[in-house]
Amino acid sequence: MSRYLLRRLLIMIPVLAGISLVLFTILCLAPGDPFEELATNPNVPPEVRANLRHQFGLDDPIPVRYLRWFTSMLKGDWGFSFVSRIDVGTLILQRLPTTLWVLGLAQLLGLLVALPVGIYAAVRPYSLFDQVSTTLAFIGFSLPTFFTGILFILFFSIYLDWLPFIYRADISATGWRWYWENLRQAIMPVAVLGLFQGAAMTRFVRSAVLEIVRLDYINTARAKGLSERVTILKHVVRNALIPVVTLVALQIPGIFTGAVITEQIFRVPGIGSLLITSILANDTPVIMAITFVFSCLVVVFNLVADLLYGWLDPRISYR
Amino acid sequence: MTPPTGVAAEAVTRTAPASRAPAVRSLWSEAFRRFRKHHLATFGAVVLLVMVAAVMVGPFVYRVPIDEIDFRAKLKGPTWAHPLGTDDLGQDLLARMLYGGRISLAVGVAAMLIAITVGTVVGAAAGHVGGTTDHTLMRLTDLFLSLPQLPLLLLLVYLFRDSLKRVLGPEMGVFALVVVVIGGLRWMPVARLVRAQFLSLREKEFVEAARGLGAPPLRQVIRHILPNAVGPVIVAGTIDVAAAIIAESSLSFLGLGFPPDIPTWGRILFDAKDNLDFAPHWAIFPGTAIFLTVLSINYIGDGLRDALDPRKVMSSRTPTPDGGAAAVGAPDA
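It should be emphasised that the depicted structure is a prediction, and the values quoted were computed from it without experimental measurement.

Chemist: Is there a simple way to explain the overall build of chain A in this structure?
Modeler: Secondary structure assignment for chain A yields twelve helices and zero strands. In sequence order, chain A lays out its α and β elements as α-α-α-α-α-α-α-α-α-α-α-α. Projected onto the principal axes, the alpha-carbon positions of chain A cover approximately 85 × 55 × 40 Å. Counting the 319 residues in chain A, one finds 38% classified as buried. Partitioning the intrachain contacts of chain A with sequence separation of at least 6 by distance along the chain shows that 71% fall at a separation of at least 24.

This is the structure in structure tokens:
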């Protein structure tokens, strides 16, 4: 197990290198120059600009620049934000916990919806419950998160006036009240993201359970007198979850899409909204770093999915 | 596989798709019959056709300019003069939505075409050539699959937008960029599907027969293998249209897609979202348009999957495990 983990961690290096290569190529192909502002500023003499370019290594060949960029990324030196005037690493570390918190809760909510609904629907295929839940799931993943977010704000914040629609990181209350306020403001972003994820996952769970429930060993389990509960939970669900994990892992890059949008709608101070503000402010180092962080998160979550896979299916040997 | 009726025995050798059903015509009409049985898919097709007709013909019938500013009528709800209300400059929302809908739908279709073209070429190359090519292409596919789509989309738009605008003009520039980038980030599922199809099809007898008759590789691929692999690609392509529409709307919703004078549905939502408390109609109409389009396309995809999946030809009432196709591309916004 630990050897497998080590091997997987080592595989992550070429993957991350590949991703960083893609990102760096994009940056190099892009027109424009980080020193464009200096170039148009008449107060900066050309020789100073040339010196600066030389000092920052902008005149070196592209492979050299890539290697330098990648090694400094690995060392944790992510550059300096043009706008905020602080280290990009610090900036991202400030924002990352909020994003992970909202994403984690949303994923949890998605699972809490998808598992029971998907299983129950598949155990009674073509029943009323199945039809209603399948239709709702279809609607759920056809509703783009930005529209659900707007509808939630309209209904819960404006019409009912129950929930705040701006997420604040600096709640002044203390004690229980602090927790309560934090929970209250997290409800809508988490619900928007979680229900969307849940809708897609419900479909996966339903179809996976439907495949398993017809197999002979389930009949055997029933025939030998196991209760329905044990049959479904221990025999069906555990096997059905294996393909579900794969599908959920494939969806991971998409989760971040939802995260960026949700953070933007509810002004959650996570890295998604930081990405948008950086793009609007032309803050290239931050943009590059956040895109890279998102890619790293995808890779890490894929690893988690793989480990989960092995736990669910002991037939898969860690070699 | 349907048991071919006796009459069509020769047809099987002549036309490639006929390996699934008696003859070309009846294959498609058979598929159409199965599609119509899926009531929600039929309904989706009708809704989508109405939408497409509305954005194609609408601007010629409903001749209100999209940029006529009228401050006396600003932020009005639906009235007879403005059926869907007006925005903060008093511009007519129906006219804007009809115009913007063209672009939203065009982006979806164009990005889908790019995605399935690239995907088919990559998948066909990997599946047919095999060996190192296959390995390299599949690693590339895996790499692209682990790229976070929206952040990368934002990065690309941020870096290339201005220069493309200079070359192609504001509308075409953004359109080309958005379409190429969305399409270029969505070909991977198609490539995997096509490769899987090729791996199984290239060992089938009819391909072997073609090889034995001396068909060059390109002819084997185009004439014999591809037509048989087209079903799943159509389904994936349908869902890609929905995904591309969502991607474009997301981009515009973040204020980074089309400029304000090109009111795609996502862009209207972006402008509307700060006025929710006093002009909810402004956000609800374009949002509903996106939702209805995506929903109908997804249902059409579902129906096409039932209609084109050869495994379902025999009995259309078997439970439909839709996991495989969901992996193809549930839209991810």
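Chemist: How should the overall build of chain B be read in this particular structure?
Modeler: Secondary structure summary: chain B contains 13 helices and zero strands in total. Along chain B, from the amino end to the carboxyl end, the secondary structure elements read α-α-α-α-α-α-α-α-α-α-α-α-α. If you take every contact in chain B between residues at least 6 apart in sequence, the share linking residues at least 24 apart comes to 67%.

Chemist: Any chance you could explain helix α6 (residues 128–142) of chain A here in plain terms?
Modeler: At 3.6 residues per turn, the α-helix brings residues three or four places apart onto the same side. All names here are of chain A. Here α6 is 15 residues long and its end C-alpha atoms lie 21 Å apart, about the 21 Å a rise of 1.5 Å per residue gives. Considered for burial, the residues of α6 that qualify are D130, S133, T134, A137, F141 and S142. Within α6, the buried residues cover an arc of 165° as seen down the axis, which keeps them to one side. Seen from the open side of α6, the exposed residues pointing more than 90 degrees away from its buried face are L128, Q131, V132 and T135.

Chemist: Just to check I follow, could you spell out unusual backbone geometry for this structure?
Modeler: The bulk of non-glycine residues show a negative phi, and the bulk of peptide bonds are trans. Residue and element names in this part refer to chain A. Of note, the phi angle at Y126 is positive, near 65°, even though the residue is not glycine. Locating Y126 in the fold gives a position in the loop between α5 (88–123) and α6. Backbone geometry at R267 places phi at a positive 55°, although glycine is not the residue there. Mapped onto the elements, R267 comes out in the loop between α10 (228–266) and α11 (271–280).

Chemist: It is not clear to me how the environment of B:D240 should be interpreted in this structure. Could you clarify?
Modeler: All names here are of chain B. Residue placement: D240 occurs in helix α10 (residues 217–253). Overall, D240 belongs to the buried group, with 32 C-beta atoms counted inside 10 Å. In this structure the C-alpha to C-alpha distance between D240 and A111, which are 129 residues apart in sequence, comes to 7.9 Å.

Chemist: Is there a simple way to think about the confidence of the model for chain B in this case?
Modeler: Detailed reading of the predicted coordinates is not advisable wherever pLDDT is low. All names here are of chain B. For chain B, mean pLDDT is 77; residues scoring 70 or higher make up 83% of the total. Model confidence for chain B, summarised as mean pLDDT per element, is weakest for helix α13 (residues 323–329) at 37 and strongest for helix α4 (residues 93–129) at 88. Taken together, the stretch residues 1–19 has pLDDT below 50 and engages in 32 contacts with residues farther than four places along the chain or on a different chain. Counting contacts from residues 313–333, a segment whose pLDDT is below 50, to residues more than four positions away or on other chains yields 58 contacts. The ipTM for the predicted assembly is 0.81, set against a pTM of 0.81.

Chemist: Please clarify how the nonpolar core should be interpreted in this entry.
Modeler: One broad trend across soluble globular proteins is that nonpolar side chains are buried collectively. In terms of nonpolar packing, the biggest core is built from 166 residues, with A:V209 and B:L153 touching the most fellow members. The element contributing the most residues to this core is α10(A), with 19 residues.

Chemist: I tried to follow the packing of α5(A) against α6(A) on my own but got confused; where do I start?
Modeler: The packing of two helices is summarised by the inter-axis angle and the distance between the axes. Residue and element names in this part refer to chain A. Orientation of α5 relative to α6, taken along the N-to-C sense of each, is 135°, at an axis distance of 8 Å. Compared by their axis directions, α5 and α6 come out oblique. Considering only the axes of α5 and α6, their crossing is left-handed. Packed against α5, whose contacting residues are V117, Y120 and A121, the element α6 presents F129, D130, S133 and T134 at the interface. Residues belonging to the contact of α5 with α6 are distributed by class as follows: four nonpolar, two polar and one charged.

Chemist: What am I meant to see in the packing of helix α3 (residues 39–61) of chain B against helix α12 (residues 280–308) of chain B here?
Modeler: Residues and elements named next belong to chain B. Two elements in contact, α3 and α12, have axes separated by 8 Å at closest approach and are oriented at 135°. Taken together, the axes of α3 and α12 are oblique relative to one another. Crossing geometry of α3 relative to α12 is assigned as left-handed. Note on element contacts: α12 touches α3 through L292, T293, L295, S296, I297, Y299, I300, D302 and G303, opposite L40, A41, G44, A45, V47, L48 and M51. Of the residues belonging to the contact of α3 with α12, the class tally is eleven nonpolar, four polar and one charged.

Chemist: Would you take a moment to explain the interface of chain B and chain A for this structure?
Modeler: Think of interface size as the accessible area that goes away when the parts come together; that is how it is often given. At the interface, 43 residues of chain B touch 52 residues of chain A. Sorting the residues of the side of chain B that touches chain A by element identifies α6 (149–168), α10, α12 and α13 of chain B as the ones contributing at least two each. With eleven residues, the top contributor of residues to the side of chain B that touches chain A is α6(B).

Chemist: Help me understand the environment of B:D271, please; the structure alone is not making it clear to me.
Modeler: Residue and element names in this part refer to chain B. On the secondary structure map, D271 appears in helix α11 (residues 265–272). With 183 residues separating them in the primary sequence, D271 and D88 have C-alpha atoms 8.9 Å apart. Those residues within four positions of D271 in sequence are excluded, and the remaining contacts are D87 and P260.

Chemist: Could you clarify how one ought to interpret the environment of B:R161 in this entry?
Modeler: Residue and element names in this part refer to chain B. Among the secondary structure elements, R161 is positioned in helix α6. For R161, a count of 19 C-beta atoms within 10 Å gives the class partly exposed. For the pair R161 and N298, spaced 137 residues apart in sequence, the C-alpha to C-alpha distance is 30 Å. In contact with R161, not counting residues within four places along its chain, are V174 and L177.

Thresholds, definitions, all that
Residues numbered from 1 in each chain as written. Chains lettered and ligands numbered in written order. Predicted model: local features only at pLDDT ≥ 70, side-chain atom pairs only at ≥ 80, totals over all residues. Helix = DSSP H or I, 4+ residues; strand = E, 2+ residues; numbered from the N terminus. Buried ≥ 20, exposed ≤ 12 C-beta atoms within 10 Å, placed from the backbone. Contact = placed C-beta atoms within 7 Å. Expected span 1.5 Å × (residues − 1). Arc of directions from axis to C-beta. pLDDT = per-residue confidence, 0-100. Core = buried A, V, L, I, M, F, W, Y, C linked by C-beta atoms within 7 Å. Axes fitted to C-alpha atoms, helices over the stretch in contact; angles between N-to-C directions. Parallel < 35°, antiparallel > 145°, perpendicular 65-115°, else oblique. Left-handed = near helix turned anticlockwise from the far one by under 90°. Nonpolar A, V, L, I, M, F, W, Y, C, P; charged D, E, K, R; others polar.

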